[in-house]
Amino acid sequence: MSPDELKSPAKRAGPVERESQILALILKVGVDIPEISRRSGVPAETVRYIYKEHIVKRRMRVQRELDHEKLGLSHIQFILTADPELESVFFNGTLLSGVWEQLYVNLVYRVIPDDLFFLSHLAPPAFHPKLRELYSNLEDLGILKVHETYDCSRLTHPRMWVEDYNWEMPGWDFDWSPTSLKPPQNIEDPPASEPVKFDKTDLLIIQHLQYRYDQRISDIAAKNSIDRSLASWHFRKHVKARDIFGGYRINWLGTGRELRKGMAAQQHQSFVAINFIAKDLSSAEMMNVRAYLHSIPYLYGEKVGASDYDAETFIPSSSLVEAFGFFARILRPLQGRAKIITVDQSGAANYTINPALFDADSQRWIYNGDLVLEAFKKALAAGTLGTSWKAGREKGAEANSG
Amino acid sequence: MPSPGKEEDYQPKFDNRNDDLVRMTKAILEVGPRIGEVARCVGIHKETVRYRFRKFFVERGLVVQANLDYQRLGFRRLIIVARLADAYERHFFPIMSALSEMCYLTGFMQTTLEGLYILHVVVPAGLRDECSRLYETLHKIGIFPEMQILTFEEFRSVPMKPEYYDFSNGVWSFDWRADELSSVTLISSGKAEVEKYDYTDLLILKEFDRDASQPLMEISKRLKLTYKTLEHHYRRHVLGRGLIRRYRVVWNGSTYNQRTEKAGSMRHTYLPMAVLATGLADWQRAKLQAGFNQLPFLWFEASGPSYYAEVFVPLESYSELLKRIREISARTGVPIRLFILDYGKGLRFSIAYGLYDPERRVWRLSAADTIARFENLIVNVNNQRGGEGT
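Described in the following lines is the structure provided in the data block.

Moving on to the overall build of chain A. Counting its regular elements, chain A contains 13 helices and 17 strands. Taking all 402 residues of chain A together, the buried fraction comes to 34%. In chain A, the share of contacts with a sequence separation of at least 24, taken over all contacts with a separation of at least 6, comes to 75%.

Encoded structure:
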């Protein structure tokens with residue numbers, strides 16, 4: 001759908017086309033009902049109704065791409081085995097999940113059926129060597145074993161295939177046959193950004209907008225005990241003016257966070273999270289792999305490094321047979337440098353950026369890895385490692401159920 | 001409609017029927033699709049059993065096959081995990097067919113992601129070492145550049161667990177969250193004495209291995225034997241000597257092509273997977289076996305120093321199965337290798353009756369002929385590639 005078509009109010013669309021049209025406009029302008037109505041020619045109340053009934057109620061969420069580079073952050077990933085007694089610290093909902101937030105972890109999940117954990121950190125590049133060292137120290141302590149490290153620094157989310165989305169299913173009626181796949185000739189990545197100035201208030205606002213971009217700044221201010229006008233000023237002058245958030249994207253999985261319950265819905269029955277991860281790729285291999293992964297609508301996000309690559313896909317369970325065939329065609333030529341891993345979605349946790357790791361006085365990100373290491377050492381020396389964390393987990397579970 | 005005053009006794013018709021079908025299936029697993037006997041076992045009218053067998057089995061593609069008692073036939077199983085050299089990949093079908101004709105290959109599947117082949121070789125016990133050496137030779141001459149040969153003393157097709165199957169809708173209902181059973185009673189494959197049998201018995205076994213619901217008359221016509229001879233061999237030898245050990249209901253959608261004598265499969269419903277664990281202590285093997293036998297989706301298992309199992313998991317239960325495998329692996333402390341299987345590149349052959357010498361009543365294995373045939377293949381492929389190169 002070209003921008004011209006979108007602007008034409010005269011063009012009347014059918015009910016399904018209309019929903020796709022609105023979704024396409026949301027990707028351009030966000031949830032701006034009057035603007036969508038103006039551009040599409042659909043009455044504002046109809047747009048509002050469709051947004052509420054067909055998007056919000058399906059738990060699809062409109063989010064904005066956070067430009068991590070502007071905040072001076074980039075990703076690094078570790079695949080590791082943990083001491084079985086310490087597994088509880090890797091799960092969300094525990095009191096001690098805060099340990100990982102101290103280490104800039106933004107994604108943790110268990111790989112099944114292997115007993116592996118995948119941890120992705122979003123930290124200043126200067127801290128990446130420190131994180132490697134920390135893991136090495138934890139290995140020496142016998143707490144965990146790192147199997148692989150990946151430098152997939154930039155995260156992007158491909159545009160949702162709005163035009164092909166089947167609202168009846170809902171999903172994509174996708175033809176997996178190799179002849180039907182049309183890998184794009186080239187993939188346009190957003191240009192690299194330079195770090196910008198920001199402060200702790202900006203980060204607090206950003207953290208909340210990462211959950212849902214359609215939150216009111218006044219609500220965010222109230223939650224964080226910030227003066228409303230001050231929060232608004234920071235949002236306009238810093239967050240917005242410096243374009244810290246990039247384009248709009250849609251969480252099409254239907255796992256949007258229920259603000260009232262404060263929990264994300266699990267849809268692990270309908271989609272299987274399968275990640276494709278590769279190391280030491282040449283630039284030609286990288287291009288080829290990415291082109292193939294972009295030829296399916298189920299590519300949700302990708303982290304790209306100089307030679308490492310991590311793609312996050314959500315495959316409908318009904319298409320698993322075809323999807324494995326698809327992955328096999330990409331994997332085999334890479335001869336052991338790539339693999340696919342199945343994510344245990346029931347224990348996976350995504351973290352937003354942590355403003356507590358930004359020092360307001362020095363206006364710099366801080367590194368607490370040494371403190372974490374010390375805590376581990378003390379716990380080991382006291383013989384409380386494992387049992388205390390288990391107790392902590394139980395408390396956490398009680399707190400959650402309460 | 002329930003009569004007045006009897007509402008508390010009223011059960012929906014569907015539930016009763018499914019219970020009847022469960023009992024009927026269990027009877028079929030014991031005695032085969034012999035309608036009269038099944039009707040007697042379950043106490044349902046013969047015509048009702050016949051109707052239900054046609055409606056819920058035949059029309060839904062649930063074939064009943066005989067489980068041959070390979071122990072009584074004196075066979076052992078090798079499972080070979082091998083990579084076919086790239087040059088021969090496009091010839092995989094003739095290569096596998098040749099192996100089935102000459103080297104007791106009874107089935108193979110390709111693993112989707114790794115591109116390996118899992119070969120099932122069912123070979124007379126006396127020829128096991130020779131057969132194993134023959135496959136090693138194929139590895140040395142470059143047909144299979146990677147090869148791991150695993151020997152299994154016991155193997156079995158796992159009986160269907162009909163209590164988890166909803167026959168009306170053709171779906172499984174298994175509660176993954178339910179507590180695991182503390183113990184599972186496994187039906188031992190037994191280590192029976194080797195029985196006598198002849199070529200005609202093998203032909204009958206081959207037919208029943210394919211479809212146990214075939215009438216004897218039909219089989220006699222196909223095998224060009226008189227009905228009397230066939231019935232004598234069937235009753236006296238096949239049944240009398242216990243060469244068939246129960247029956248299996250092919251619930252995983254595999255189909256059999258009568259013309260080509262090859263098994264195919266129905267995709268899109270189940271994801272076929274194989275699990276392999278090697279270097280096991282006895283207690284680890286027992287725990288693995290118990291863990292997998294709790295799943296209604298277990299299709300085949302073999303144990304020896306290693307454990308191998310094939311599982312057909314409904315697509316929507318894929319993640320749950322992986323979680324369960326992780327738990328089993330953690331409990332036993334055994335790393336489990338998992339393969340996704342591509343049944344599009346897999347076939348199952350019947351017992352290798354062609355390798356039985358009816359005159360001398362012995363099984364044959366000609367290593368020299370096999371090697372010569374494969375060396376000839378290498379020359380042909382190399383010539384072909386040379387031709388393509390020029």
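Once the structure has been displayed, the description carries forward.
Quick look at unusual backbone geometry now. Ile 112 of chain A connects to Pro 113 of chain A through a cis peptide bond whose omega is 5°. Relative to the helices and strands, Pro 113 of chain A is located in the loop between strand E3 (105-112) and strand E4 (116-123). With a phi close to 65°, Tyr 104 of chain B is a non-glycine residue in the positive phi region. Accessibility expressed as a C-beta count within 10 Å gives 28 for Tyr 104 of chain B, which makes it buried. Its identity is not glycine, yet Lys 224 of chain B carries a phi of approximately 55°, on the positive side. Summarising the element assignment, Lys 224 of chain B is placed in the loop between helix H9 (216-223) and helix H10 (227-239). Given 7 C-beta atoms within a 10 Å radius, Lys 224 of chain B is considered exposed.

All names here are of chain B. Here helix H11 (residues 282-293) crosses helix H12 (residues 318-332) at 160°, and the two axes come no closer than 10 Å. Our classification of the angle between H11 and H12 gives roughly antiparallel. Seen from above, H11 lies across H12 with right-handed handedness. Within the contact between the two elements, H11 uses Gln 284, Lys 287, Leu 288, Gly 291 and Phe 292 and H12 uses Ile 328, Arg 331 and Thr 332. The residue makeup of the contact of H11 with H12, split by class, is three nonpolar, three polar and two charged.

Right, let's get into the nonpolar core. Among the nonpolar cores identified, the biggest contains 194 residues, and Ile 118, Val 121, Met 273 and Val 311 of chain B are the most heavily contacted of them. At eight residues, helix H11 (residues 320-331) of chain A tops the list of elements feeding residues into this core. Once residues within four sequence positions are removed from consideration, Met 273 of chain B is found in contact with Val 311, Val 313, Leu 338, Phe 339, Ile 340 and Leu 341 of chain B.

About the cut-offs
The residue numbers shown here count from 1 along each chain, following its written sequence. Whichever chain is written first becomes A and whichever ligand is written first becomes 1, with later ones labelled in order. In view of the model being predicted, local features appear only for residues whose pLDDT reaches at least 70, and side-chain atom pairs are presented and counted only at 80 or more, with totals across whole chains, interfaces and linings using the full set of residues. A run of DSSP states H or I qualifies as a helix once it reaches four residues; a run of E qualifies as a strand once it reaches two. Both are numbered from the N-terminal end. Counting other C-beta atoms within 10 Å of a residue's C-beta gives its exposure: the residue is buried at 20 or more, exposed at 12 or fewer, and partly exposed in between, where C-beta atoms are placed from the backbone. Note on contacts: residues are paired as contacts if their backbone-placed C-beta atoms lie within 7 Å. To get an axis, a line is fitted to the C-alpha atoms, and for a helix only the part in contact is used. The angle between two axes follows their N-to-C directions and goes from 0 to 180 degrees. Reported orientations rely on four angle classes, namely roughly parallel under 35 degrees, roughly antiparallel over 145, roughly perpendicular from 65 to 115, and oblique for the rest. In this scheme the handedness of a crossing depends on how the near helix is turned from the far one: anticlockwise by less than a right angle means left-handed, clockwise means right-handed. Note on residue categories: nonpolar means Ala, Val, Leu, Ile, Met, Phe, Trp, Tyr, Cys or Pro, charged means Asp, Glu, Lys or Arg, and polar means any other residue, Gly included. What we call a nonpolar core is a set of buried Ala, Val, Leu, Ile, Met, Phe, Trp, Tyr and Cys residues whose membership is set by joining through C-beta atoms within 7 Å.

Shape descriptors only; they carry no functional weight alone.
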